[in-house]
Amino acid sequence: MVMTRAKSIVGQNFLVFDKPVLARYGLEPTIPIDDTLFLHHTLAEEEPHKLEYLGSLYTDLPYWKDEGKAGEDADYDEETLWHYCATDCIATASVASRLEELAQDSRFKGFDVQRAYKQKLALAELAGRMTRRGLLIDQRTKNELAWTLTAKRTAALTAIHKHTGNSAFNPSPSSPQTRRLLYDELGFPVLKRSKKTGNPSVDIDVLQWLTTFCVNKRQSLVLNSLKAWRRWEKLIGTYIDGLNIHLDGCVHSLWKAALAETGRWRSSDPNGQNWPTRMRSMVVARPGYVFIKFDAEQLELRVQSILARCNFLLAALESDDPHERAVLALFYGADFTNPASLELARAKYLAKPKEVRKRERTLAKNFEYGTGYEGGFEILFRTIRKQFPKTQERHIKLLYERWKALTPEISRFNRELVARVDHDGYLDSGLGYQRWFFPGGAKPTDIANRPIQGFAGDFINERLLEVDLRLCDSRGEFCSVVTNEHDGFMLEVKENEAEAVAKETKQTLEQPTKMYDKVVVLPFKYEIDHRW
């Protein structure tokens with residue numbers, strides 16, 4: 001009754017929470033919806049967006065949120081419940097009014113607030129449809145994965161018992177046995193402590209770092225067995241035992257569109273963006289359907305190279321294999337402007353064993369993607385050390401200096417960004433969306449990250465809405481967006497239309513786009529399959 005008489009709905013997180021709840025009861029709002037969470041995110045991405053925070057900023061209401069924190073099963077008296085809900089409504093209405101005033105503030109001059117806000121609302125609607133559709137799980141494949149992973153976990157546990165000499169050893173991170181084994185018995189140094197208890201940490205990152213301190217075979221065998229057990233235990237706990245499969249046979253990840261500071265998506269229960277590759281085989285298209293997976297090719301690297309006008313990276317991206325170009329320059333001293341030098345370096349590279357080439361390629365990617373955000377050598381080295389524990393610092397330092405010499409434009413561009421933030425207080429993403437920084441609180445890494453990941457996120461969002469409007473709306477249930485994977489996404493379409501949809505979507509994605517003062521075409525690749 002309220003919805004049929006009202007001209008519009010104003011809510012806080014309405015599109016993510018309230019609208020799905022109403023849908024379960026057969027109520028589908030047909031009038032315009034405004035959402036204070038998304039409007040505030042448009043105006044101040046870097047701030048918290050919960051109602052209690054907005055209420056403290058934009059209303060005179062005393063803090064009230066603890067009145068409703070007892071949980072869904074709490075036995076509230078009617079007066080308390082009404083008071084809590086009414087205060088939520090009053091706060092939301094007051095916040096909405098203040099945010100509308102703030103959107104007219106002179107500091108947003110040149111920023112089309114309404115365009116950015118409406119895009120967030122459209123993305124939230126799309127995210128809601130993705131959540132409701134879900135991903136179908138092939139139970140047989142899931143059972144096969146469960147059997148394989150359980151066997152691997154059992155083998156790892158057997159190895160742990162053998163190398164510790166204790167058949168009752170519990171390798172769980174919460175067990176004090178692991179801490180005593182590593183630090184008291186095996187004598188490893190304490191690299192990190194738990195913030196909660198102050199005890200030496202035994203998390204998976206620490207286990208990886210400790211590998212570099214092994215001085216005897218037993219230490220190495222124990223650590224490798226513990227890491228293997230943790231890996232299989234995590235996969236089983238999250239994607240086998242902990243997978244929330246609904247009565248329709250699907251998992252329904254909660255997709256949250258464009259709510260990260262960079263404009264990228266989030267998802268949970270399960271996280272649809274970090275689903276391990278080996279576990280994706282259990283996700284299948286519905287009968288008569290297939291998946292089309294789209295991925296922007298080296299999107300962040302391309303954005304960074306274009307914005308910084310980095311000659312080396314721009315030339316590498318023009319080649320068939322940009323990562324190989326990085327390998328040849330880093331490890332073999334190839335002059336990328338000299339074809340003869342490149343061919344000589346390539347011959348040396350191809351003569352190396354496969355495992356050496358793989359390692360060099362992985363290291364080169366670390367430099368490509370790990371040096372552009374002003375994290376410095378220490379962060380880069382720690383990242384590499386996790387992948388290759390025996391790596392020598394002096395070797396990586398030499399490569400680091402060589403990479404800096406190859407890409408001087410990157411550091412110069414990042415310094416310009418810091419100066420711009422110091423002067424203006426904000427950066428835009430290149431597509432007309434702004435991010436403001438707290439005065440004096442902006443880290444160089446955050447500043448360097450914004451134009452790159454910010455543009456990438458906003459670009460994917462704009463193209464995704466175009467695909468949804470042009471292709472999915474016209475085909476109805478025969479074509480649906482089902483995942484967002486940061487630099488790509490996946491469609492589920494009728495099998496007999498897959499090739500046509502794939503080509504039309506690729507054409508839409510690769511339309512020229514304006515990136516600050518440039519017009520560029522960003523390439524995409526796609527793959528059609530019955531499984532994810």
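This text follows the structure it describes.
What counts and how
Residue positions are given per chain, counting from 1 as you read along its sequence in written order. Selection of residues for local features in this predicted model requires a pLDDT of at least 70, selection of side-chain atom pairs for listing and counting requires 80 or more, and totals for whole chains, interfaces and linings are taken over all residues. Neither water nor hydrogens contribute to the side-chain values; these are computed over all heavy atoms in the structure. Numbering of helices and strands starts at the N terminus; helices are DSSP runs of H or I of at least 4 residues and strands are runs of E of at least 2. Radius of gyration: C-alpha atoms only; globule rule: 2.2 Å multiplied by the number of residues to the exponent 0.38. Exposure categories follow from relative accessible area, calculated using a 1.4 Å probe and restricted to protein chains: below 20% of the type maximum is buried, above 50% is exposed, and the middle band is partly exposed. Contacts are assigned to residue pairs with any non-hydrogen atoms lying within 4.5 Å of each other. Accessible surface is estimated by sampling points in the Shrake-Rupley manner with a 1.4 Å probe; for residues, cover comes only from the protein chains shown. Each patch is built from residues lacking any salt bridge and having more than 30% relative accessible area; the joining distance is 9 Å for like charges and 5 Å for nonpolar side chains (Val, Leu, Ile, Met, Phe, Trp, Tyr). Throughout this description, the term salt bridge denotes a Lys or Arg side-chain nitrogen within 4 Å of a carboxyl oxygen of Asp or Glu. Note on charges: Lys and Arg go in the positive column, Asp and Glu in the negative column, and His and the chain ends are not counted at all. To locate a charge, take atom NZ for lysine, CZ for arginine, CG for aspartate or CD for glutamate. We treat two strands as partners when DSSP finds at least two bridges between them. Whenever a helix is involved, its axis is fitted only over the stretch in contact; in every case the axis is a line through C-alpha atoms, and angles between N-to-C directions fall within 0 to 180 degrees. In these notes the angle categories are as follows: under 35 degrees is roughly parallel, over 145 is roughly antiparallel, 65 to 115 is roughly perpendicular, and the rest is oblique. Crossings are assigned a handedness: left-handed for a near helix turned anticlockwise from the far helix by less than a right angle, right-handed for a clockwise turn. Gly is placed with the polar residues, together with every amino acid not listed as nonpolar (Ala, Val, Leu, Ile, Met, Phe, Trp, Tyr, Cys and Pro) or charged (Asp, Glu, Lys and Arg).

Caption draft 1: A look at the overall build of the chain. Secondary structure assignment for the chain yields 20 helices and 15 strands. Taking 24 Å as the expected radius of gyration for a compact globule of 532 residues, we find that the chain reaches 26 Å, a close match to that expectation. Expressed as lengths along the three principal axes of its C-alpha atoms, the size of the chain is roughly 75 × 60 × 55 Å. Going through the 532 residues of the chain one by one, you find that 49% of them count as buried. Sequence-distant contacts, at least 24 apart, represent 66% of the contacts inside the chain between residues at least 6 apart. Summing over all exposed atoms, the chain offers an accessible surface of approximately 27000 Å²; the carbon and sulfur share of this is 52%.

Caption draft 2: Geometry of unusual backbone geometry. The omega torsion across D269 and P270 is -5 degrees, close enough to zero to call that bond cis. Among the structural elements, P270 can be located in the loop between β6 (266-268) and β7 (283-284). In the Ramachandran plot, D269 falls in the positive-phi region, its phi being about 55 degrees despite a non-glycine side chain. Tracing the sequence through the fold places D269 in the loop between β6 and β7. D269 sits in the partly exposed class, given a relative accessible area of 44%.

Caption draft 3: The arrangement of the side chain of E47 in detail. Within the secondary structure layout, E47 lies in the loop between α3 (36-43) and α4 (51-58). For E47, a relative accessible area of 18% translates into the label buried. Those residues within four positions of E47 in sequence are excluded, and the remaining contacts are H40, Y53, L57 and F438.

Caption draft 4: Region of the structure containing a negative patch on the surface. Judged by side-chain charge, D75, D77, E78 and E79 come together as a negatively charged surface patch. Within the secondary structure, D77 sits in the loop between α4 and α5 (78-102).

Caption draft 5: Highlighting the sheet that holds strand β12 (residues 488-494). Pairing is antiparallel across the open sheet formed by four strands, whose spatial order is β11-β12-β8-β15. Edge positions in the sheet fall to β11 (479-484) and β15 (524-529), since each has one partner strand and no second. The average angle at which neighbouring strand axes cross in this sheet is 25 degrees, direction not considered. Along the sheet, helix α20 (residues 498-509) contacts β8 (289-296), β11, β12 and β15; its crossing angle with β15, the most-contacted strand, is approximately 165 degrees.

Caption draft 6: Summary view of the packing of helix α16 (residues 376-387) against helix α17 (residues 393-406). α17 packs onto α16 with a crossing angle of 125 degrees between their chain directions and a minimal axis gap of 11 Å. Looking at the two axes, α16 sits oblique to α17. Where α16 crosses over α17, the two elements pack in a sense that is right-handed. Contact residues: α16 offers G376, F377, E378, L380, F381 and I384, while α17 offers E393, I396, K397 and Y400. Here the residues of the contact of α16 with α17 sort into six nonpolar, one polar and three charged.

Caption draft 7: Expanded view of the packing of helix α15 (residues 354-370) against α16. Across the interface, α15 lies against α16 with an axial gap of 11 Å and an inter-helix angle of 150 degrees. In terms of axis orientation, α15 runs roughly antiparallel to α16. Pair α15 / α16 crosses with right-handed handedness. Counted together, T362, L363, N366, F367 and G370 of α15 and L380, T383, I384 and Q387 of α16 form the full contact between these two elements. Residues that form the contact of α15 with α16 fall into these classes: four nonpolar, five polar and no charged.

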